[in-house]
Amino acid sequence: MTFALEFQDLTLGYDRHPAVHRLCGTITEGSLTAIVGPNGAGKSTMLKGVVGTLRPLAGQIAFGGLAQDDIAYLPQQSDVDRSFPIAVADLVAMGLWREVGGFGALRAAHRARVAEAISAVGLEGFGKRPIGSLSGGQMQRALFARLLLQDARLVLLDEPFTSVDTRTMADLIVVVQRWHGEGRTVLAVLHDFDTVRAHFPRTLMLARELVAHGPTPQVLTAENQFRARQMCEACAGPPHTCGRDAA
Amino acid sequence: MMWETLVQPFADFGFMRRALMGCIAISVGASPVGVFLMLRRMSLTGDAMACAILPGAAVGYLVAGLSLWAMTVGGLIAGMTVALLSGFVARVTALYEGESLAAFYLISLAAGVLIVSTRGSNVDLMHVLFGTVLALDDDALILLCSIASVSVLALAALFRPLVLECADPQFLRSVGGPSAMAHFTFLALVVVNLVGGFHALGTLMAVGIMILPAAAARFWGVGIGTLIVVAISVAVLSSLGGLLLSYHFSLPSGPAIILVAGLAYVLSLVFGPVGGLVVRALPRRYLELLQPFS
């Protein structure tokens, strides 16, 4: 099995304070992994490290044949200026940046793909509306449509379902399943364990340090959750070395 | 009567035609830049930038007197320096661009006033601060038209990256787009247009023709294309109106032009169909809210 990502004793942090400490582990290519853990466990930080906006304080991330171009990232709080006067279709079409760049023309084939992505997330008929008219859930759908067009081999989602209703979540999970079916690697930070159990075969539990990583039923145990909470509260646990138990 | 009031001044006097020409050039160059400034909530940045240009123009004046080129080059250098420094500080530190810009432009403005007042008379200071739209010579006109052309072409080339940088900067960076390039080129356009504008309208008034038409346009349309077209139209009409007012009533022309643009803004605020006060007060049918914009 080839790996998409390998964390090699990775430490990430802000202003020299580690938020993710000595993380080891591999994410296999084509896997669908949920990242769980208490608040402040370093989940978002880890994704930022993978995207490259945060440079490791120590250790590194190895990409198994993935270029930085192959990564699509949905941040927890997107920076989209909702009052900016562009249409939903234009926002979604931004996903084609790597193909058309700053000057390439949007050809009919591109427009067709934009329309297809918009309907894949259930936003038919919204293409010409300004993004400011979308509700929170609709906005999240539009951002997913943009991710679809990015056509990335590794998709990173930071709390993608936090502010959406159950119906939107169900629709967006279909999109995630579709990526999984297409052999893309998906990492999603999630809070709702029921969602994780139902849809994510693998789970990585984080509490600054790695708590557990593996098949979801084996990771989401009461014991692990208790440990994660304790580790986060204690903050400075015992020094953790890159161990074999991280499997 | 209409003819005499509206056209005769331009038919009779070369300086009026030159003034109108210069103002149209400034309008075409600066208003679209103003639209983006407004959409990025950077309207006050324009203001700060205009003050930042002052010491450069003042040094140019010290070196070569009231020379168009010396003052232009000086203004460009000072403006670019402040724009780059504040943009850089904002990108590297925790300061917002506005805060760092505020710091730099205040330093710059004080230096400018200091330099001008040590050597020049008050008249010269007035010239730099308020411009001389009625005394534009050939060189100045060529400069203004060149700046407008470069600005429009650059904005056209930069359009997509700039829109993305405004709408979702984080995304543009995540896909390796030219986020920094778009940002700094745009700041350079602001500086270039303000330097052009200060020859005609002065450093303080040059911002007016950039921001006021853009702010007025907000009440007439939603799409970026519409905003730009409306802003240019408002700017050109304000220039025309301001020049005529200043001719007929012997008013200083720079402030007259900006005041007419200000009037256009207030009228748009009240009567504009997109979020204007009158429209807000009127009861509207629900469906209208859901219509897509063009």
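Residues numbered from 1 in each chain as written. Chains lettered and ligands numbered in written order. Predicted model: local features only at pLDDT ≥ 70, side-chain atom pairs only at ≥ 80, totals over all residues. Heavy atoms only, no water.

A. Highlighting the overall build of chain A. The secondary structure content of chain A amounts to nine helices and nine strands. Expressed as lengths along the three principal axes of its C-alpha atoms, the size of chain A is roughly 55 × 35 × 35 Å. The buried share among the 247 residues of chain A stands at 53%. Taking as baseline every contact in chain A between residues at least 6 positions apart, the subset at least 24 positions apart corresponds to 70%. Accessible surface, chain A: about 11,200 Å² in total, of which carbon and sulfur atoms supply 51%. Charged side chains of chain A number 24 positive and 24 negative; the gap between the two group centres comes to 2 Å. (Helix = DSSP H or I, 4+ residues; strand = E, 2+ residues; numbered from the N terminus. Buried < 20%, exposed > 50% of the residue type's maximum accessible area, 1.4 Å probe, protein only. Contact = heavy atoms within 4.5 Å. Areas by Shrake-Rupley, 256 points an atom, 1.4 Å probe, with all protein chains shown as cover. Lys, Arg positive; Asp, Glu negative; His and termini not counted. Charge placed at Lys NZ, Arg CZ, Asp CG, Glu CD.)

B. Here's a closer look at the interface of chain B and chain A. Taken together, the 25 residues of chain B in the interface contact 26 residues of chain A. The contact between chain B and chain A buries some 2,300 Å² in all, and 62% of this surface belongs to carbon and sulfur atoms. The residue Asp 168 of chain B makes a salt bridge to Arg 146 of chain A at a minimum N-O spacing of 2.8 Å. Where chain B touches chain A, the interface holds seven residue pairs in polar contact (both at pLDDT 80 or more). Every element with two or more residues in the side of chain B that touches chain A is listed here: α8 (138-167), α9 (169-174) and α11 (224-249) of chain B. Of all the elements, α8 of chain B adds the most residues to the side of chain B that touches chain A, at seven residues. When grouped by side-chain class, the residues that make up the side of chain B that touches chain A number 18 nonpolar, three polar and four charged. (Buried area = accessible area lost by both parts, 1.4 Å probe. Salt bridge = Lys/Arg side-chain N within 4 Å of Asp/Glu carboxyl O. Polar contact = N/O pair within 3.5 Å; in protein donor to acceptor, adjacent residues only side chain to side chain. Nonpolar A, V, L, I, M, F, W, Y, C, P; charged D, E, K, R; others polar.)

C. Structural view of helix α6 (residues 166-181) of chain A. Residues and elements named next belong to chain A. The end-to-end C-alpha distance of α6, which contains 16 residues, comes to 22 Å, matching closely the 22 Å that a straight helix rising 1.5 Å per residue would cover. Taken residue by residue, α6 has Thr 168, Met 169, Leu 172, Ile 173, Val 175, Val 176 and Trp 179 as its buried positions. Viewed along the axis of α6, the buried residues span an arc of 155°, placing them on a single side of the element. Opposite the packed face of α6, turned more than 90 degrees from it, sit the exposed residues Thr 166, Arg 167, Val 174 and Gly 181. The inward-facing, buried residues of α6 abut β3 (32-36), α4 (108-120), α5 (136-150), β6 (154-158), β7 (185-189) and α7 (193-199). (Expected span 1.5 Å × (residues − 1). Arc of directions from axis to C-beta.)

D. The sheet that holds β7 of chain A, seen in detail. All names here are of chain A. Here six strands make up an open sheet; going across it, the order is β5-β6-β7-β3-β8-β9 and the pairing mixed. Both outer strands of the open sheet, β5 (71-74) and β9 (209-215), are each paired with one neighbouring strand and no more. Direction aside, neighbouring strands of the sheet carry axes that sit 15° apart on average. Looking at chain direction, β5 and β6 are connected through four bridges and run parallel. Across the sheet, the residue bridging to Tyr 73 is Leu 156, located in β6. (Pairing = 2+ DSSP bridges. Axes fitted to C-alpha atoms, helices over the stretch in contact; angles between N-to-C directions.)

E. Layout of the domain arrangement of chain A. Residue and element names in this part refer to chain A. Under the domain assignment used here, chain A contains domain 1 (1-66 + 153-247) and domain 2 (80-151). Between the C-alpha centres of domain 1 and domain 2 the distance comes to 28 Å. Counting from both sides, the interface comprises 14 residues of domain 1 and, opposite them, 10 residues of domain 2. If you sort the residues of domain 1 by the area they bury against domain 2, Leu 172, Arg 178 and Trp 179 come out on top, with a joint share of 38%. Applying the counting rule to domain 1 against domain 2 returns two salt bridges. At the boundary of domain 1 with domain 2, the tally comes to four residue pairs in polar contact (both at pLDDT 80 or more). (Domains from an automatic or database assignment.)

F. Spotlight on the sheet that holds strand β1 (residues 3-14) of chain A. All names here are of chain A. Pairing is antiparallel across the open sheet formed by three strands, whose spatial order is β2-β1-β4. One side of each edge strand has no neighbouring strand; the edge strands of this open sheet are β2 (17-28) and β4 (58-63). This sheet shows a mean twist of 15° between the axes of neighbouring strands, independent of strand direction. Relative to β4, β1 is paired through five bridges, and the arrangement is antiparallel. Bridging from a neighbouring strand, Glu 6 pairs with Ala 62 of β4. Against the sheet, helix α1 (residues 43-51) contacts β1, β2 and β4, and its axis sits at roughly 115° relative to β1.

G. Representation of the packing of α5 of chain A against α6 of chain A in the model. All names here are of chain A. In the contact formed by α5 and α6, the axes pass within 10 Å of each other and the chain directions differ by 10°. On the basis of the axis angle, α5 is roughly parallel to α6. Residues Gly 137, Gln 140, Arg 141, Phe 144, Leu 147 and Leu 148 of α5 form the contact with α6, whose participating residues are Arg 167, Thr 168, Asp 171, Leu 172, Val 175, Val 176, Arg 178 and Trp 179. (Parallel < 35°, antiparallel > 145°, perpendicular 65-115°, else oblique.)

H. Highlighting the pattern of salt bridges. According to the stated counting rule, one finds 13 salt bridges over all chains in the structure shown. Close ionic contact of Arg 41 of chain B with Asp 81 of chain A constitutes a salt bridge, the shortest N to O distance being 3.2 Å. Placement of Arg 41 of chain B in the loop between α3 (14-39) and α4 (43-64) and of Asp 81 of chain A in the loop between β5 and α2 (88-93) is noted, with the two residues assigned to different chains. Here Arg 197 of chain A and Asp 194 of chain A are joined by a salt bridge, their closest N and O atoms 3.8 Å apart.

I. Quick peek at the state of the cysteines. Residue and element names in this part refer to chain B. Here the structure, examined in full by the defined rule, presents zero disulfides over all chains. Of the cysteine sulfurs around Cys 145, a residue in no disulfide, the closest is that of Cys 23, at 11 Å. Classification of Cys 145 by relative accessible area gives partly exposed; the value is 26%. (Disulfide = S-S within 2.5 Å.)

J. Just the side chain of Ser 179 of chain B, in detail. Residues and elements named next belong to chain B. Relative to the helices and strands, Ser 179 resides in helix α10 (residues 179-217). A distance of 2.8 Å separates a polar atom in the side chain of Ser 179 from a polar atom in the side chain of Glu 165. Not counting residues up to four positions away in its chain, the partners in contact with Ser 179 are Arg 91, Glu 165, Leu 172 and Arg 173.

K. Region of interest: unusual backbone geometry. Even without being a glycine, Arg 22 of chain A presents a positive backbone phi close to 50°. Structurally, Arg 22 of chain A can be placed in strand β2. Positive phi, normally seen in glycine, also occurs at Ser 250 of chain B, with a value near 50°. Relative to the helices and strands, Ser 250 of chain B resides in the loop between α11 and α12 (253-271).

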